[in-house]
Amino acid sequence: MGKIIVMTSGKGGVGKTTSSAAFATGLALRGFKTVVIDFDVGLRNLDLIMGCERRVVFDFINVINGEAKLSQALIKDKRIDNLSILPTSQTRDKDALTREGVEKVLNELSKDFDYIVCDSPAGIERGALMALYFADHAVIVTNPEVSSVRDSDRILGVLASRSRRAEQGLEPVTQQLLLTRYDPERVERGEMLKVDDVLEILAIPLLGVIPESQAVLRASNVGMPVILDEASNAGQAYLDAVSRFLGEDVEHRFVTPQKKGLFSRLLRRSA
Amino acid sequence: MAAVSSARQGADRDGPFQLRGNSFTMMVLKVNDPASPDFFTQLAVKVRQAPNFFRNAPVVLDFEELTEDTPRFDIAALVTNLRALYLLPVGFRGGPRAVHEGALAAGLTPMPAGRAAKLESAAAPADPQAGAAPIPAPPPEPVYRPALLVTEPVRSGQQIYAEKTDLVITAPVSPGAEVVADGNIHVYGALRGRALAGVSGDTNARIFCHSLEAEVVSVAGLYRVSEDFGNDVLKKPVQIFLRDGYLHMEPQ
C-alpha cells in the first residue's frame with residue numbers, strides 16, 4: 001500500500017507546488033515509485049513545474065469522471081524512471097473533485113506506487129479538503145512570516161478534525177513542517193520570523209528549511225524540479241528534507257548566514 | 001454524542017410533541033416596596049444600563065419581603081408596567097395570601113421557594129440572553145461536572161467550549177483560536193488566542209496561563225485586548241480574575 005502525502009499550507013504562493021515537485025522527484029531519486037497529483041483544479045501548474053505540460057492529454061478529472069483510464073492520464077517523467085505525474089484539468093473547477101472519485105483514484109494508485117504526493121491548492125475549501133482528506137502524512141509548507149504561519153496553523157486544525165483519519169478515529173495524520181523561502185540574512189535583521197518562532201507556534205517537527213534562492217524561479221521556468229539542480233542551496237535543502245523524511249539524521253543547513261551556532265537547538269526539534 | 005439516545009427517546013422524537021423536564025436560569029426581581037413612586041423609574045434606569053441583557057428576559061417576582069401589613073397594590077398593573085420595560089414576568093414566590101392570590105390571578109406561576117430554580121419546560125419562553133454585564137449568576141448546579149481536558153494544540157480557527165465546567169488545556173492555544181468556558185480556563189502552555197471564562201456570567205471564574213500572549217481575555221463579559229496588556233504580564237505566567245467589577249491581571 002502506497003503512502004499518501006499531502007503538501008498543504010492554507011496560504012497561497014508559499015511554495016506548495018515547487019515543494020511537491022521537488023519532494024516527489026527526491027523520493028523517486030531514492031528509488032521509490034512515486035506519483036505526484038495536482039489537486040489545484042482550474043489553476044493547473046504542476047505540469048509546468050515538472051516540464052510535462054506539452055504531454056497532457058487526459059487528466060485527473062477525466063479519470064474521476066470515468067472518461068479516461070488512470071494509465072492514460074499518468075505521465076511518466078522523462079528524467080527519472082520511478083516518477084509519474086497526474087496533471088489536473090485547467091477548464092473545470094474544484095467541484096469536479098468528488099470524495100468517491102478521489103478515493104477511487106488514490107486506491108488504484110496506492111497499489112502501484114510507494115508514495116503518492118498530493119499537491120494541494122491554497123485555501124481551506126473543497127480542493128484543499130479533498131487533497132488532505134485521505135492523507136497519511138502532511139507536509140506543512142510555511143513561509144517565515146505571520147500570515148503564512150497563522151494559515152498553516154489553521155490547516156493543522158483542519159487536518160486534526162476533517163481528515164479521513166480524524167473522522168474515522170484512526171491514528172492521526174503525521175505532520176512535518178517545511179519552512180520555505182527562508183532568508184537567514186533578513187531573519188538576522190529581524191525582517192523575517194526565526195525558525196524557532198515558527199516552531200514555537202506550530203509545534204510540529206521540522207522536516208527542512210529551504211532557503212530563498214534564485215534557483216527556484218530558474219528551475220520553474222525551464223520546467224525542472226529544483227531538487228535536480230544539485231548545485232543550488234534550495235536543491236540541496238530539498239535533498240536533505242527527503243533524507244529526513246526517510247528517517248535519516250541530517251543536519252539542518254542554510255539556517256544562519258554563517259554556518260555556525262543554532263544548529264544543536266534545531267536538531268533537537270527535527271524529526 | 002448527540003447521536004446517543006435510547007430507542008424510546010427516538011420514538012418520542014417522532015411524536016407530535018415531547019415532554020421533558022428542563023431547568024432555566026432566570027432573574028429574580030425582589031419586590032421590597034411596590035408602592036414606592038420610584039419603583040419603576042429606578043428599574044428603568046437599571047434596564048437601560050444593559051438593554052440587551054434585559055430585553056424579553058423572563059423574571060420571577062420575589063414577594064418574600066412583603067407582609068400582611070404591606071398596603072394593597074395592583075399586581076396586574078405591576079405586570080403590565082414590567083412588560084412595558086420589556087421584562088417578562090413568568091412566576092412569583094412568597095408573599096402574603098392576598099398577594100399570592102393576586103399573582104395567580106395575574107397569570108403568574110408560583111415558584112418553589114428557596115434556591116431551587118426547577119420548573120417544567122412550559123414556563124419559560126427562553127433563556128435570558130447571555131449579556132455583557134457582570135450580573136451575578138445563580139450558583140452552579142451542585143452536580144460534579146469534570147473539567148474538559150484538551151491535550152492537543154488548539155489551532156487557529158478552532159473553538160472549544162467547556163459547557164458548565166472548567167477547561168484545562170495542556171498545550172498551546174494558537175492565535176485565531178478561541179477557548180471558552182462557563183468556569184475557569186487553565187492553559188498549561190502559551191495562550192495566544194482568545195480566552196473567555198465565565199461566559200454564562202460566573203464572576204468568580206478565572207483564567208490561568210503559562211505565558212500570556214492572548215488576543216483577548218474575558219471574564220464574565222468584561223474583557224481586555226492585547227493592546228492593553230502591560231509588560232508586567234505579557235509573555236508571563238498570569239492569573240486573570242474579576243475584583244470590584246474590574247478585570248485584574250496578576251503575574252504569578
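Note that the structure is predicted; figures quoted are calculated from it, not measured.

*Asks:* Pulling in residues and values, what's your account of the UniProt feature "binding site: ATP" (unreviewed entry) in chain A?
*Replies:* Residues and elements named next belong to chain A. According to UniProt, the feature "binding site: ATP" (unreviewed entry) maps to Lys11, Gly12, Gly13, Val14, Gly15, Lys16, Thr17 and Thr18 in the numbering used here. From this annotated list, the subset lining the second largest pocket comprises Gly12, Gly13, Val14, Gly15, Lys16, Thr17 and Thr18. Turning to its location among the elements, Gly13 is positioned in the loop between strand S1 (3-8) and helix H1 (16-29). Ignoring sequence-local partners within four residues, the contact set of Gly13 consists of Asn143 and Arg181. Positionally, Thr18 belongs in helix H1.

*Asks:* Talk me through the sheet that holds strand S15 (residues 222-225) of chain B; I want residue IDs and the actual numbers.
*Replies:* Residues and elements named next belong to chain B. The five strands are arranged S8-S10-S12-S14-S15 in an open sheet whose pairing can be described as mixed. Bordering the open sheet on either side are strand S8 (159-162) and S15, each of which pairs with just one other strand. With strand direction ignored, the average angle separating the axes of adjacent strands in the sheet is 10 degrees.

*Asks:* Give a detailed account of unusual backbone geometry, specifying residues and quantitative values.
*Replies:* Note: most peptide bonds trans; most residues except glycine with negative phi. For Arg181 of chain A, which is not a glycine, the phi torsion comes out positive at approximately 55 degrees. Within the element layout of this structure, Arg181 of chain A appears in strand S7 (residues 174-182).

*Asks:* Quick rundown of the interface of chain A and chain B? Include the residues and the values.
*Replies:* Contacts between the two partners involve ten residues from chain A and, on the opposite side, eight residues from chain B. For the chain A and chain B pair, buried surface summed over both sides reaches about 860 Å², with 44% attributable to carbon and sulfur atoms. Among the residues of chain A in contact with chain B, Arg150, Asp153 and Ile201 of chain A are the three that bury the most area, contributing 50% of the side total. Inspection of the region where chain A meets chain B yields three salt bridges. One salt bridge connects Glu215 of chain B with Arg150 of chain A, and the closest N-O pair in it is separated by 3.3 Å. Taken together, the connections running from chain A to chain B amount to six residue pairs in polar contact (both at pLDDT 80 or more). Those elements that provide at least two residues to the side of chain A that touches chain B are helix H7 (146-162) and helix H10 (195-202) of chain A. It is H7 of chain A that contributes the most residues to the side of chain A that touches chain B, five residues altogether. Classifying every residue of the side of chain A that touches chain B gives five nonpolar, one polar and four charged.

*Asks:* Any details on the pattern of salt bridges? Residues and values, ideally.
*Replies:* In a structure, side chains of opposite charge can pair up when their charged atoms sit close to one another. Summed over the entire model, instances satisfying the criterion amount to 20 salt bridges over all chains. The closest approach of N and O atoms between Asp62 of chain B and Arg93 of chain B, which form a salt bridge, is 3.5 Å. Of this pair, Asp62 of chain B sits in strand S3 (residues 57-62) while Arg93 of chain B sits in strand S4 (residues 87-93), and the two are 31 residues apart along the sequence. One exposure class covers both Asp62 of chain B and Arg93 of chain B, and it is buried. Members of the salt-bridge network, linked through shared partners, are Arg186, Arg189 and Glu191 of chain A.

*Asks:* Please give an account of the confidence of the model for chain B that cites residues and values.
*Replies:* All names here are of chain B. In this model, chain B carries a mean pLDDT of 82, and residues with pLDDT of at least 70 account for 82%. Between residues 1-11, whose pLDDT stays under 50, and residues either more than four places distant or in other chains, the model counts one contact. Across residues 116-132, where pLDDT falls below 50, the model places 31 contacts with residues more than four positions away in sequence or in other chains. With pTM at 0.66, the complex prediction returns an ipTM value of 0.72.

*Asks:* With reference to specific residues and values, describe the nonpolar core.
*Replies:* Residues and elements named next belong to chain A. Membership of the largest hydrophobic core comes to 50 residues, with the highest contact counts inside it found for Phe39, Phe60, Leu86, Leu97, Val102, Leu109 and Ile116. Residues within four places of Leu109 in sequence aside, it is in contact with Val35, Ile37, Leu70, Leu74, Leu86 and Ile116. Residues Ala21, Leu46, Ile80 and Ala215 belong to the second largest nonpolar core, which totals 37 residues.

*Asks:* Give a description of the sheet that holds strand S11 (residues 185-191) of chain B that names residues and reports values.
*Replies:* All names here are of chain B. The six strands lie next to each other as S7-S9-S11-S13-S16-S17, forming an open sheet whose pairing is mixed. Each edge of the open sheet is held by one strand with a lone partner, namely strand S7 (148-150) and strand S17 (246-251). On average, each strand axis in the sheet is tilted by 20 degrees relative to the strand beside it, whichever way the strands run. Examined bridge by bridge, strand S9 (residues 167-169) and S11 share three bridges and lie parallel to one another. Opposite Val168, over in S11, you have His186 as the bridge partner.

*Asks:* Which residues make up the packing of H7 of chain A against H10 of chain A, and what values do they have?
*Replies:* Pairs of packed helices are described in terms of their axes, by the angle between the two and the distance that separates them. Residues and elements named next belong to chain A. Across the interface, H7 lies against H10 with an axial gap of 10 Å and an inter-helix angle of 30 degrees. Taken as axis vectors, H7 and H10 run roughly parallel relative to one another. Handedness of the H7/H10 crossing: right-handed. Seen from H7, the contacting residues are Val149, Ser152, Asp153 and Leu156; seen from H10, they are Val198, Ile201 and Leu202.

Rules and cut-offs
Residues numbered from 1 in each chain as written. Chains lettered and ligands numbered in written order. Predicted model: local features only at pLDDT ≥ 70, side-chain atom pairs only at ≥ 80, totals over all residues. Heavy atoms only, no water. UniProt positions renumbered as here; feature names shortened; annotations may be inferred. 1 Å grid on protein atoms, 1.4 Å probe; cavity = no way out; pocket = protein on both sides within 12 Å on 5 of 7 lines; lining within 4 Å. Helix = DSSP H or I, 4+ residues; strand = E, 2+ residues; numbered from the N terminus. Contact = heavy atoms within 4.5 Å. Pairing = 2+ DSSP bridges. Axes fitted to C-alpha atoms, helices over the stretch in contact; angles between N-to-C directions. Buried area = accessible area lost by both parts, 1.4 Å probe. Salt bridge = Lys/Arg side-chain N within 4 Å of Asp/Glu carboxyl O. Polar contact = N/O pair within 3.5 Å; in protein donor to acceptor, adjacent residues only side chain to side chain. Nonpolar A, V, L, I, M, F, W, Y, C, P; charged D, E, K, R; others polar. Buried < 20%, exposed > 50% of the residue type's maximum accessible area, 1.4 Å probe, protein only. pLDDT = per-residue confidence, 0-100. Core = buried A, V, L, I, M, F, W, Y, C linked by side-chain atoms within 4.5 Å. Parallel < 35°, antiparallel > 145°, perpendicular 65-115°, else oblique. Left-handed = near helix turned anticlockwise from the far one by under 90°.

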